[in-house]
Amino acid sequence: NEIWHFRRRFASMLSLFGRRYSPELLEDEMNLRLLKTLVSGECVSVNIAALSRSLRKHRNTVRREVLWLLENRVVNRPVCPFMGLYREYPLLVVIRADLPDEKPIRDWIVEDPHIFAAYWSRYAEYNMLLFVYHKDVLGYQLWRESLIEERKIPSREMRIPSSSMYVSNQLMMKYDPSAAIGLMATEVNQKGRIEINGLELSKDQLSIFKHLVSGGVFKINENLLSREIGIHRKTVMRRVDQLIKERWILGPVCRFPDLLCPPNYVLAYALVDIVKARDRIHHAFQKDPHVSMALRISIGGYTDLVFSAHPDISEHMDWEKELSRRFPGCIGRVDATYLSPKNKITIDQQYVSLCIIDGRLARMRGRKFQEATRVS
């Protein structure tokens, strides 16, 4: 029985990334060039005509509101998210660090090809929380050593040694960065308004916002892709469809500026100990608009790592109480850290993914150069 339940949970987790996929797709230079263009958003745009039909509003009105949302950084530009990130880098490392707030440190964080997100966050003796992606533990350890050797961070004598937690991306149960849009809609219905980045959003603007972060109202410029890559338009369409089908990328979508959390919301990063009814609680997480990402872990007595978005800290506490009320005696310890967008070091969400693609392209071209040199 336990083996059957484990297999069922593991199968549902694998479905996040596609059970069958072809690694050789990323051994093709044309596919990599397509990926780079799609993941950067270079050939992706909002389909104003489709959006205006869906909302039953004039195109010019919709176009104006979309530009307003993008220019005021209420939402990010449209891209095709690279889900291959979690295959290429199956290891997530969460690091508590003690680092000085200096420009060289901030520059290193923004430019490092492995750091996905970083927050100034006080926890015991540490002042920073880093989310880092790697292929494996060996790669992470070598990366850590190189940081000191290259003097990107102070030596251990000058700081408190960092603390690392290893999480497998293959045990991801939920990945829905736009889940909290439902909370924003509820807030507008209750208050009649919502404020983001000091700007007040109307119900109509929020409707457009919802469509942008949910997908389905975008277009890929296949003609431009065809010219840039140098292959026929139908070949471009076929290759893009294959990359989406095998979940190397998702369809075009806009993301929140802070990915897992809407603007003006607080992101709660919590280690949770689920002592029983784990399947029922995981099912609740799947449907809960607060939870944007959740992973199974086995660390220090905790069983789950949960990222959830909340209008404020008190609402998160109420949410936790309600969860305990719904599942009495099922949830043990919870170690929550609150992360504010104001304390985040801004890193382009596509940066780590584009570094992976650029790295593969560079290695492929290097091999071709070596082969050409040997032949000549």
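What counts and how
- Residues numbered from 1 in each chain as written.
- Predicted model: local features only at pLDDT ≥ 70, side-chain atom pairs only at ≥ 80, totals over all residues.
- Heavy atoms only, no water.
- Pairing = 2+ DSSP bridges.
- Helix = DSSP H or I, 4+ residues; strand = E, 2+ residues; numbered from the N terminus.
- Axes fitted to C-alpha atoms, helices over the stretch in contact; angles between N-to-C directions.
- Parallel < 35°, antiparallel > 145°, perpendicular 65-115°, else oblique.
- Contact = heavy atoms within 4.5 Å.
- Nonpolar A, V, L, I, M, F, W, Y, C, P; charged D, E, K, R; others polar.
- Buried < 20%, exposed > 50% of the residue type's maximum accessible area, 1.4 Å probe, protein only.
- Lys, Arg positive; Asp, Glu negative; His and termini not counted.
- Salt bridge = Lys/Arg side-chain N within 4 Å of Asp/Glu carboxyl O.
- Polar contact = N/O pair within 3.5 Å; in protein donor to acceptor, adjacent residues only side chain to side chain.
- Disulfide = S-S within 2.5 Å.

Student: Explain the sheet that holds strand S5 (residues 163–168) to me, and be specific about the residues and the numbers.
Tutor: Pairing is antiparallel in the open sheet, where 4 strands are placed in the order S3-S4-S2-S5. Of all strands in the sheet, those bounded by a partner on one side alone are strand S3 (115–123) and S5. On average, adjacent strands in this sheet sit at an angle of 20 degrees to one another, irrespective of strand direction. Summarising the sheet, strand S2 (residues 91–97) and S5 pair through 6 bridges and their orientation is antiparallel. Pairing of Val93 across the sheet is with Tyr166, part of S5.

Student: Break down the packing of helix H10 (residues 222–229) against helix H11 (residues 233–245) for me, citing the residues and quoting the values.
Tutor: One can describe the packing of H10 onto H11 by two numbers: an axis separation of 9 Å at closest approach and a directional angle of 105 degrees. Here H11 runs roughly perpendicular to H10, going by the angle between their axes. Along its contact with H10, which presents Glu222, Asn223, Leu225 and Ser226, the element H11 presents Arg233, Val236 and Met237. When the residues that make up the contact of H10 with H11 are grouped by side-chain class, the tally is 3 nonpolar, 2 polar and 2 charged.

Student: Describe in detail the side chain of Asp288, supporting the description with residues and values.
Tutor: Along the chain, Asp288 falls in the loop between helix H12 (278–287) and strand S11 (291–299). At 5.0 Å, Arg326 is the nearest oppositely charged side chain to Asp288, a buried residue that forms no salt bridge. Side-chain polar atoms of Asp288 contact the side chain of Trp319, separated by 2.8 Å. In this view, Asp288 contacts Lys174 and Trp319; residues no more than four positions away in its chain are not counted.

Student: So what's going on with the environment of Glu149? Which residues, and what values?
Tutor: Position of Glu149 among the secondary structure elements: in helix H7 (residues 137–149). Among the residues examined, Glu149 registers a relative accessible area of 62% and is labelled exposed. Distance in space between the C-alpha atoms of Glu149 and Asp348 is 26 Å, their sequence separation being 199 residues.

Student: Any details on the sheet that holds strand S6 (residues 172–175)? Residues and values, ideally.
Tutor: Strand pairing within a sheet occurs via backbone hydrogen bonds; the two strands may be parallel or antiparallel. Taken together, the 5 strands give an open sheet; going across it, the order is S6-S11-S12-S10-S13, and neighbouring strands pair in antiparallel fashion. The open sheet has two edge strands with one neighbour each: S6 and strand S13 (331–339). Strand-to-strand, the axes of this sheet are offset by a mean angle of 20 degrees, without reference to chain direction. As defined by bridge partners, strand S10 (residues 266–274) adjoins strand S12 (residues 302–310) across 7 bridges and the pair is classed as antiparallel. Its bridge partner lying in S12, Val266 is registered against His310. On the sheet, H12 packs against S6, S10, S11, S12 and S13 and is oriented at approximately 20 degrees with respect to S6.

Student: With reference to specific residues and values, describe the pairing of strand S4 (residues 126–134).
Tutor: Most of S4 is tucked away: 9 of the 9 residues are buried. Across 6 bridges, the pairing between S3 and S4 is antiparallel. Bridge assignment links Tyr119 to a residue of S4, and that residue is Leu129.

Student: Lay out the state of the cysteines in plain terms, naming residues and giving numbers.
Tutor: Tallied over the entire structure, the rule returns 0 disulfides. Left unpaired, Cys254 is separated from the closest cysteine sulfur, that of Cys80, by 11 Å. With relative accessibility at 0%, the residue Cys254 sits in the buried group. Left without a disulfide partner, Cys261 is nearest to the cysteine sulfur of Cys254, which lies 17 Å away. Look at Cys261 and you get buried, because its relative accessible area is 2%.

These values are about where atoms sit, not about what they do.
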